[in-house]
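# Survey of secondary and tertiary structure
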6 protein chains.
Amino acid sequence: MSSYPYPMLDKPSMIWSRQTDKSKDIKVHEWIETAGEAEPNWEDYDVTILGVPLSKSSISTSAASENPEAMRQAWKAFSTYNLDEEIDLAQLKAIDLGNVKQHVTNIEYTHQQIQDAMVAMRTNHPHTLPISMGGDHSITAMLVKGWKQAHPNENIGILQLDTHFDLRDPKLIGPANGTPIRNLIESETIQGNHVHNIGLHGFFNAKELKDFADKAGLHYTTMKQARKKGISNAINYALHQLEEEVDTIYLTVDMDVLDIVHGPAAPAATPGGMYSEELFEAVQIAGQHIKVKAMDIVCLDPRKDVGEQSVKSAVHTMLSFLTGYCKR
Amino acid sequence: MSSYPYPMLDKPSMIWSRQTDKSKDIKVHEWIETAGEAEPNWEDYDVTILGVPLSKSSISTSAASENPEAMRQAWKAFSTYNLDEEIDLAQLKAIDLGNVKQHVTNIEYTHQQIQDAMVAMRTNHPHTLPISMGGDHSITAMLVKGWKQAHPNENIGILQLDTHFDLRDPKLIGPANGTPIRNLIESETIQGNHVHNIGLHGFFNAKELKDFADKAGLHYTTMKQARKKGISNAINYALHQLEEEVDTIYLTVDMDVLDIVHGPAAPAATPGGMYSEELFEAVQIAGQHIKVKAMDIVCLDPRKDVGEQSVKSAVHTMLSFLTGYCKR
Amino acid sequence: MSSYPYPMLDKPSMIWSRQTDKSKDIKVHEWIETAGEAEPNWEDYDVTILGVPLSKSSISTSAASENPEAMRQAWKAFSTYNLDEEIDLAQLKAIDLGNVKQHVTNIEYTHQQIQDAMVAMRTNHPHTLPISMGGDHSITAMLVKGWKQAHPNENIGILQLDTHFDLRDPKLIGPANGTPIRNLIESETIQGNHVHNIGLHGFFNAKELKDFADKAGLHYTTMKQARKKGISNAINYALHQLEEEVDTIYLTVDMDVLDIVHGPAAPAATPGGMYSEELFEAVQIAGQHIKVKAMDIVCLDPRKDVGEQSVKSAVHTMLSFLTGYCKR
Amino acid sequence: MSSYPYPMLDKPSMIWSRQTDKSKDIKVHEWIETAGEAEPNWEDYDVTILGVPLSKSSISTSAASENPEAMRQAWKAFSTYNLDEEIDLAQLKAIDLGNVKQHVTNIEYTHQQIQDAMVAMRTNHPHTLPISMGGDHSITAMLVKGWKQAHPNENIGILQLDTHFDLRDPKLIGPANGTPIRNLIESETIQGNHVHNIGLHGFFNAKELKDFADKAGLHYTTMKQARKKGISNAINYALHQLEEEVDTIYLTVDMDVLDIVHGPAAPAATPGGMYSEELFEAVQIAGQHIKVKAMDIVCLDPRKDVGEQSVKSAVHTMLSFLTGYCKR
Amino acid sequence: MSSYPYPMLDKPSMIWSRQTDKSKDIKVHEWIETAGEAEPNWEDYDVTILGVPLSKSSISTSAASENPEAMRQAWKAFSTYNLDEEIDLAQLKAIDLGNVKQHVTNIEYTHQQIQDAMVAMRTNHPHTLPISMGGDHSITAMLVKGWKQAHPNENIGILQLDTHFDLRDPKLIGPANGTPIRNLIESETIQGNHVHNIGLHGFFNAKELKDFADKAGLHYTTMKQARKKGISNAINYALHQLEEEVDTIYLTVDMDVLDIVHGPAAPAATPGGMYSEELFEAVQIAGQHIKVKAMDIVCLDPRKDVGEQSVKSAVHTMLSFLTGYCKR
Amino acid sequence: MSSYPYPMLDKPSMIWSRQTDKSKDIKVHEWIETAGEAEPNWEDYDVTILGVPLSKSSISTSAASENPEAMRQAWKAFSTYNLDEEIDLAQLKAIDLGNVKQHVTNIEYTHQQIQDAMVAMRTNHPHTLPISMGGDHSITAMLVKGWKQAHPNENIGILQLDTHFDLRDPKLIGPANGTPIRNLIESETIQGNHVHNIGLHGFFNAKELKDFADKAGLHYTTMKQARKKGISNAINYALHQLEEEVDTIYLTVDMDVLDIVHGPAAPAATPGGMYSEELFEAVQIAGQHIKVKAMDIVCLDPRKDVGEQSVKSAVHTMLSFLTGYCKR
Ligand SMILES: [Ca+2]
Ligand SMILES: [Ca+2]
Ligand SMILES: [Ca+2]
Ligand SMILES: [Ca+2]
Ligand SMILES: [Ca+2]
Ligand SMILES: [Ca+2]
Ligand SMILES: [Ca+2]
Ligand SMILES: [Ca+2]
Ligand SMILES: [Ca+2]
Ligand SMILES: [Ca+2]
Ligand SMILES: [Ca+2]
Ligand SMILES: [Ca+2]
């Protein structure tokens, strides 16, 4: 595999075989190209998709490591044409780079590979929009650190859709999936007041994490507040707030923001959360914003799915985000 | 089985055994009679129910063939009394005619039997309301052709609840479940502008099908539009539009119009769709309209169900439609 | 087990082992204490939780008997802190008393134990708020009879969230899970006009039960009516109505009030029901009302659950009720 | 339902509808007739099949109550012709009598109905072979008591295939499913030394029950012993032993005798048990024995099944037994 | 897709992406090559693998159409090295040709494509060993007809591992999955006495089919007989018998020959069948025989599988057969 | 938790609450005591049970981390009395020490805790028999290293029941679950010729691992060989061979040695493996051998189980081993 452009990446485990020569009215698996032996001509591409199959860093056992492959399997069922918006995503050129290499027993090493992968993408083809498919939420800290390393002068904001603050202390449990936001703040990659979390609800965050959030100046809109004002208003409000302060907004979608009924595959799924149509609307609005320059989708364990409900929603989330991107 | 009235039908595989002599406060399985050896006195009946267990004609493998039997098993859990509307369906006399005979390897033959069954019903007892339980969506083309054959002078309109246009080209794949509306238009059974589809959304229809729809003059209200204006308004709007132009409105409910969370058993279920309460409201309104003279429920594969969520919703859909019918 | 205070109770089958000495930012299983060998000092406690693992009295076979243990297992995933309301339930002192003893073959005997358990609680520590985890709905009749026995001069009202009236005739089927409200009325434990049921819908109640309800003066708000006026308005209306007439309002939550998609584990779950967020809002409002003095959660069969969707919702229902209680 | 012959029976809930006039090469559901309104001419029949849907008497919650209906559904997949033995069961005339009426809350009452049903069968048509489909193992005590009541002078032996002794004390838990053999011994319906149990193994019987067995003179062959000598030898040995001493051998098959892999639906299924082919061989041999005059199949909870593995095995067990019967 | 060598084939839907350059100690998915754009140099290859995803021809609804893809996914978990026999399958060069094109609604057309595919393989590269992954058993008739068309002077024998005779009448149900052996006999492709079926058992074949078999001179060894004499003896006996009379032995493995516990995914799985280790032994012996020149594996519906038990067994069956082939 | 004796251990998460005062005829959960606040009097104990919930070290994602808790839940269904052998395990005094502390992101740290736990047990109470419940197979290397650290002069042999050699190279993937035997050999904890593996079969070991095994002098008996000579003979042969050479035999049971049908929960389960009754026989014989001084059970992922088939087999394996131990 000597000629493959990124040493920290594995090629996708399988390649969809195109059955037709059609260039329009195609399915998503016919649209997203797959990185092969030779280095792509990066200038041709608008969007790069990266698998980050790490979930050993999860507090409770998770097979979110299998999500990138599951999403690749599931996107075969989607067309590129979005009827609601009359937009064909095939106007974008997209490539699947494969997966970040995983060490079986050394999480720190894997985390470094993830950061390196983002640095490489931002260095080699900074004009492409990077979409990452987790893995658990620990990867967001590494991906944002990679962005910061590549763009040290940028102020980075985080728009987080999540049931949780993710402010647990990495000193106690290492860079696990409950810690990425705190990790980013404490490493001074971002500022606390450049984070806006939407979707918090219920009995799933300790009081001390809320206190930390308040002290750090985090912004957050609970699920109840978001529903009251309307999801689109909540997102627009957050984007307006962040755009004043930062150069880049990184959108991170923890699939456990969905109600347990709408996203059963998130290991920490709970009742009382967001509905999938609300999530699609939220990310489409975010995708439309000029400063939103990267996104990831995390914490979806396909083994816990019911049918393919959650994996299909994850793919739809990615495509809705790109629909917004096309509308810029 | 010589005396059974319809040569193209099999008797229901089993007959619910009545345990009581009650004539009110009964369950649906005690209310719907079952066709037996002797020909019924058709004048007594208001509603005929027909199973159409064909899903070999599906693009992807489907066991929608098992839906008629699954609905019959499930309706035992329903009373005839609708508390919301204070209406007792038992005021209607209903009979289950059994299933259209299926050929194991000759789909064309089976399709002809389906058409013949509708012709027979319209000829022998045109006063009864025919409800068909699919099977996949290919059967709708045959049922409507049967109606047209029996009533050649009628203009037939289609009110379709579906995630899909069903406008794929039968020349390429035969009369499969992605083709019924195109099949009906191209065979000049109906006119394109006599179709109104409600529920289209997301990434599940190719651009070329939308172009075909627009060219053929089809009407459609996407899920997003329907939610914005309210489901009842969307349905009423479609009914008003059709009633101007046609003599008969045929209501066809593709269960994949439901969100994947509400109707997991539809082989093509997707996130972002209709909720079951919205569907029940929609069909009740349609059932109330004087020109709606037939309905079918298609594309539900009970093997994909979660518990009996989807099958129970299919039965409820049928009963909500009949509730509307009682309110005429 | 000689020293355990209640002869009609079994100790909980297992005791969560506390791993920390933390007294705040704890999980629910670290907060709720477990009754042990010695009699607790009742004055310290605000809330008592009782398991009532009886479902032999169900009309259709149910493993709701396993619900108390399932809820105990599931509450480990919840924190005591409610972020939406900024309330920490740990301000209340709560104890799990274990389960009412069950006879393997004598339901009448078990029913008596249930009534005795309520009498004992109301006699020994009437200041605590009793929460009961069923079991099927037959237990509500016994628990309310126990309350009446302990407080013979009180007028007791029932706020029932249910898809069903529960007015079937105990003379025909004994004190089964379809009968508790009728049982309470006919035994003159309560008056018919002191019941308010919210959540009735669809084809799941016989006409004769509605007639009985109307004759007995029961109040009810169907699901459709509740949605139209808003769940919080419906609940507040019911509470206002009851508070005029009764001394104590007993809140009983039949989990089948949830839509089958939101509460798949209720044996009688149906489409068209309440959503979990609506249920949480409803019980929180009830918990806030000064006259609501007891609650139970019934008819949840964990074996029918999808993941832990329903059991988690049951725990959330209990915690939302207690959130309201804290806001008094 | 006035004319139905047995007041303690419900008709089968549904009747298979015959689709052909064939009298040979038929399926089991076309062969077994169903009791209807009129009294059958008993002399025509060789075999009567009775459903006993009682499992409220189970120590742990069980839906074995659903087994009779599940077996009826499953036998549609079986032909009457046994290729291994070149025997067609259709040479016997068989009738399904329906189910013993169940009281929702009074187990004692239901137990009496079960006993009465056996008395009625032995009185009205003693020449037929009664096969009972449980239900849990408590029913065996009632069925055998019914036999004794009808034939007071007979010595009855029990050939029991079971992982358990079923010698728990009815004084402690009532006539539950762990007690039937002790119940029969203590009520002097049978003698302890007229019982032979095959299939005991592992860690699933308390020492005190073995002591009781030894004291009562019970015979038993553990699974390990049975495998060592061969299942057919073990069964033949047990039959020879019993035939010396008793007039009638009652065969009771507790499906938990199967290894958990072969019979996953038995609530108490364990590893280390019998394989299905061994069970079929065992019951065929028993069926061939002139003194084996009744059989039952108990403790199979279809909700716990994997696919239909266990229910199909239960039907096969019944048919293998009848194959033996034909070979007499 | 103009340059792809076989017009009646679709390329495999996906291609495993090799992650290493290793040529030994590889996994099966690294070993089996995949047909691409250019025509392979057929002389290099020893084994060709063909997917035949047809199951519309099944009597009961089946998703055996998904088996070829499921086997391709599953063989990633197997190494080429067989430790039991110390044989590395990688000594053979194998290529996956993809799938026979499927018509959505015309089974006759698809059947012709299947026959054509076999003709093409036997014409273009008759030195390769063809292995076909069904689909249902109807395909065997087409594949053997294709062989006969390519080799009209050969006498073809069938070694069939099956619970069923597959002798139902194609005149009644068309060339469905219950008919292939009769189809081949009646079309004079083979002679009845050149068939040997091993694995028949239980209540799953009508008497008239046995009569047909006896009249046609078919050989068969029931499961019971095979176990008594030992599986390897039974297979060797059948091979010896056939080798006398025929030029080519075609091995067809209907996965429903497995006990329902060992092969839960076969739609017609039954208790009392073959164990997987017995099946592996049987096919390895067959693979070793010089006259066995083709094999297929049919009637496995992956949607019915438990975990991947059956699909893994199907892959193991193919590899065990090839192990035998290496030992020639 | 200051007074808990082992700093590297967490207390069991829950404690079974004894409902009776019985000291005989008890269930396993009443027999095995649970370590609490105070240090036990070690002299009283014969057997110590340790949970090692580590599976982050697995090559493919595994929730074997949940096995210790699953076994604790499941052993409630077992009695201490083994009827087959007429032995009551309650004659041994056993204590559950809880679980080795797990770091969320640092596997190396956790591995050290595991080794330390074994050292502590061998130092503080070397007379007790240590049984460890994994976790994945990587833990065996750490446990044996701990033994060696505590007993540096002992020669340690390994009796391994496994489908795999576990000889992959730790230099490539770290101390993962495919490496423990090689890890132990290369670290000179044990000698290659002091290992005997029983159960290897099929296509699940690379040729290079067999070559390594042969070079290192490992002994192994394939599944096929073991079945041919009889499992008990194979085990006895291995024990005799090892007893000549070593002081201590460590028994390690990888649950994937079971056939996929008998042990579906092993992540690497395959067809063609051992049956559960064979495994129970094997470990009972090993338990009886004087030099077998420790055992572990690994690689069982309860989330993959079918019912509780595999977890129950794991508990039975532990109890069968202890049965042998009692027979010394
Ligand atoms: Ca998160
Ligand atoms: Ca989260
Ligand atoms: Ca559709
Ligand atoms: Ca459609
Ligand atoms: Ca209810
Ligand atoms: Ca109720
Ligand atoms: Ca038993
Ligand atoms: Ca028993
Ligand atoms: Ca076949
Ligand atoms: Ca077959
Ligand atoms: Ca291993
Ligand atoms: Ca292994």
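Predicted model only: the values in this text are computed from it and were never measured.

## Quick look at the overall build of chain A
Scanning chain A from N- to C-terminus turns up 11 helices and 13 strands. Taken over C-alpha atoms, the radius of gyration comes to 18 Å for chain A, in line with the 20 Å a tight globule of 328 residues would show. Along the first, second and third principal axes, the C-alpha atoms of chain A reach 55 × 40 × 40 Å. By residue count, 68% of the 328 residues in chain A fall in the buried class. Residue pairs at least 24 apart in sequence account for 80% of intrachain contacts in chain A once pairs closer than 6 positions are excluded. If the 30 positive side-chain charges of chain A are averaged to one point and the 43 negative ones to another, these points end up 3 Å apart.

## Considering the coordination of the calcium ion (ligand 11)
Residue and element names in this part refer to chain F. For the calcium ion (ligand 11), every protein donor is listed as H137 (ND1), D162 (OD), D166 (OD), D166 (OD) and D254 (OD), and the spread of their distances is 2.1 to 2.9 Å. In primary sequence terms, the donor set of the calcium ion (ligand 11) follows H-x24-D-x3-D-x87-D. Between the calcium ion (ligand 11) and the calcium ion (ligand 12), a separation of 3.2 Å is found, and both are coordinated by D162. Pair noted here: H137 is in the loop between β8 (129-134) and α4 (138-150) and D162 is in the loop between β9 (156-161) and α5 (170-173), with a separation of 25 residues, a long-range link.

## Observations concerning the packing of helix α10 (residues 276-288) of chain E against helix α11 (residues 309-326) of chain E
Residue and element names in this part refer to chain E. Put simply, α10 and α11 touch, their axes get as near as 6 Å, and they point 35° apart. Note on packing geometry: the crossing formed by α10 with α11 is right-handed. On the side of α10, the interface is formed by S276, L279, F280, V283, Q284, A286, G287 and Q288, while α11 contributes S313, H316, T317, S320, F321, T323, G324 and Y325. In terms of residue class, the contact of α10 with α11 is built from 6 nonpolar, 10 polar and no charged.

## Points about the UniProt feature "binding site: Mn(2+)" (unreviewed entry) in chain A
Residue and element names in this part refer to chain A. In the numbering used here, UniProt assigns the "binding site: Mn(2+)" (unreviewed entry) feature to H137, D162, H164, D166, D254 and D256. Taken together, the annotated residues stretch across 120 residues yet fold into one region, lying no more than 12.0 Å apart by C-alpha. Residue placement: D166 occurs in the loop between β9 (156-161) and α5 (170-173). The exposure class assigned to D166 is buried, which follows from its relative accessible area of 5%.

## Re the interface of chain A and chain B
Opposite the 29 residues of chain A that make contact, chain B presents 23 residues. Buried surface at the junction of chain A and chain B, both sides included, amounts to about 2200 Å², of which 60% is carbon and sulfur. By the criterion of area lost to chain B, the three top residues of chain A are Y81(A), L83(A) and D84(A), representing 29% of everything that side buries. If you look at where chain A meets chain B, you find 3 salt bridges. The shortest N-O distance in the salt bridge between E85(A) and K224(B) comes to 3.2 Å. Elements with a minimum of two residues in the side of chain A that touches chain B: β5 (81-82), α10 (276-288) and α11 (309-326) of chain A. Looking at the side of chain A that touches chain B, the element that brings in the most residues is α11(A), giving 7 residues.

## Section: helix α9 (residues 231-245) of chain D
Residues and elements named next belong to chain D. The first and last C-alpha atoms of α9 sit 22 Å apart over 15 residues, in line with the 21 Å expected at 1.5 Å per residue. Of all the positions in α9, only I231, A234, I235, A238, L239 and L242 are classed as buried. Down the axis of α9, the buried side of the element spans an arc of 130°, and every buried residue falls inside it.

## A word on the coordination of the calcium ion (ligand 10)
All names here are of chain E. For the calcium ion (ligand 10), the full set of protein donor atoms is D162 (OD), H164 (ND1), D254 (OD), D256 (OD) and D256 (OD), at a range of 2.2 to 2.5 Å. When the donor residues of the calcium ion (ligand 10) are listed from N- to C-terminus, their spacing reads D-x1-H-x89-D-x1-D. A gap of 3.1 Å separates the calcium ion (ligand 10) and the calcium ion (ligand 9), which D162 links by coordinating each metal. With H164 in the loop between β9 (156-161) and α5 (170-173) and D256 in the loop between β12 (248-254) and α10, this residue pair connects regions lying 92 residues apart in the sequence. With respect to class, H164 is no different from D256; both count as buried.

## A word on helix α7 (residues 207-216) of chain B
Listing the buried residues of α7(B) in full gives L209(B), K210(B) and A213(B). Buried residues in α7(B), looked at end-on, bunch into an arc of 100°, giving them a common side. Packing partners of the buried residues in α7(B) comprise β5 of chain A together with β11 (219-222) of chain B. Taken from the residues just after α7(B), G217(B) is the one with a positive phi, measuring 80°.

## Points about the relation of the copies chain A and chain B
Least-squares fitting of chain A to chain B yields an RMSD of 0.0 Å, with the transformation described by 0.0 Å of translation along the axis and a rotation of 120°. One copy is carried onto the other by what is essentially a three-fold rotation axis. No C-alpha of chain A approaches the rotation axis more nearly than that of V261(A), which lies at 4.1 Å. Taken as a fraction of all interface residues of chain A, those also at the interface in chain B reach only 10%, which identifies the copy contact as different-surface.

## Quick notes on the interface of chain D and chain C
Between chain D and chain C, the residue contacts involve 21 residues of the former and 21 residues of the latter. Of the roughly 1500 Å² buried where chain D meets chain C, counting both sides, 54% is carbon and sulfur surface. Counting the contacts that link chain D with chain C gives 2 salt bridges. For the interface between chain D and chain C, the tally reads 9 residue pairs in polar contact (both at pLDDT 80 or more). Among the residues forming the side of chain D that touches chain C, the class breakdown is 8 nonpolar, 8 polar and 5 charged.

## Section: the relation of the copies chain D and chain C
Rotating chain D by 180° and moving it 0.0 Å along the rotation axis overlays it on chain C with an RMSD of 0.0 Å. What we have between these two chains is a two-fold relation. In terms of C-alpha distance to the rotation axis, chain D has K56(D) as its closest residue, with the C-alpha 2.7 Å off the axis. The share of interface residues of chain D whose copies in chain C are also at the interface is 100%, consistent with both copies meeting through the same surface.

## Concerning the side chain of H316(B)
When you line up the elements, H316(B) lands in helix α11 (residues 309-326). Taking relative accessible area as the criterion, H316(B) reaches 5% and is therefore assigned buried. Those residues in contact with H316(B), other than ones at most four positions away along the chain, are F78(B), F280(B), G202(C), F203(C), F204(C) and P271(C).

## A few points about the pattern of salt bridges
Across all of its chains, the model carries 102 salt bridges over all chains by this definition. For D10(A), the salt bridge is made with K101(A), and the minimal N-O distance between the two is 3.0 Å. Of this pair, D10(A) sits in strand β1 (residues 9-10) while K101(A) sits in the loop between β7 (94-100) and α3 (107-124), and the two are 91 residues apart along the sequence. With a closest N to O distance of 3.8 Å, R303(C) and D301(D) form a salt bridge. Of this pair, R303(C) sits in the loop between β13 (292-298) and α11 (309-326) while D301(D) sits in the loop between β13 (292-298) and α11 (309-326), on two different chains. When its relative accessible area of 1% is taken as the criterion, D301(D) is described as buried.

Criteria and thresholds
- Residues numbered from 1 in each chain as written.
- Chains lettered and ligands numbered in written order.
- Predicted model: local features only at pLDDT ≥ 70, side-chain atom pairs only at ≥ 80, totals over all residues.
- Heavy atoms only, no water.
- Helix = DSSP H or I, 4+ residues; strand = E, 2+ residues; numbered from the N terminus.
- Rg over C-alpha atoms; globule rule 2.2 N^0.38 Å.
- Buried < 20%, exposed > 50% of the residue type's maximum accessible area, 1.4 Å probe, protein only.
- Contact = heavy atoms within 4.5 Å.
- Lys, Arg positive; Asp, Glu negative; His and termini not counted.
- Charge placed at Lys NZ, Arg CZ, Asp CG, Glu CD.
- Donors = N, O, S within 2.8 Å, 3.2 Å for Na, K, Ca; no water.
- Axes fitted to C-alpha atoms, helices over the stretch in contact; angles between N-to-C directions.
- Left-handed = near helix turned anticlockwise from the far one by under 90°.
- Nonpolar A, V, L, I, M, F, W, Y, C, P; charged D, E, K, R; others polar.
- UniProt positions renumbered as here; feature names shortened; annotations may be inferred.
- Buried area = accessible area lost by both parts, 1.4 Å probe.
- Salt bridge = Lys/Arg side-chain N within 4 Å of Asp/Glu carboxyl O.
- Expected span 1.5 Å × (residues − 1).
- Arc of directions from axis to C-beta.
- Least-squares fit on C-alpha atoms with pLDDT ≥ 70 in both.
- Polar contact = N/O pair within 3.5 Å; in protein donor to acceptor, adjacent residues only side chain to side chain.

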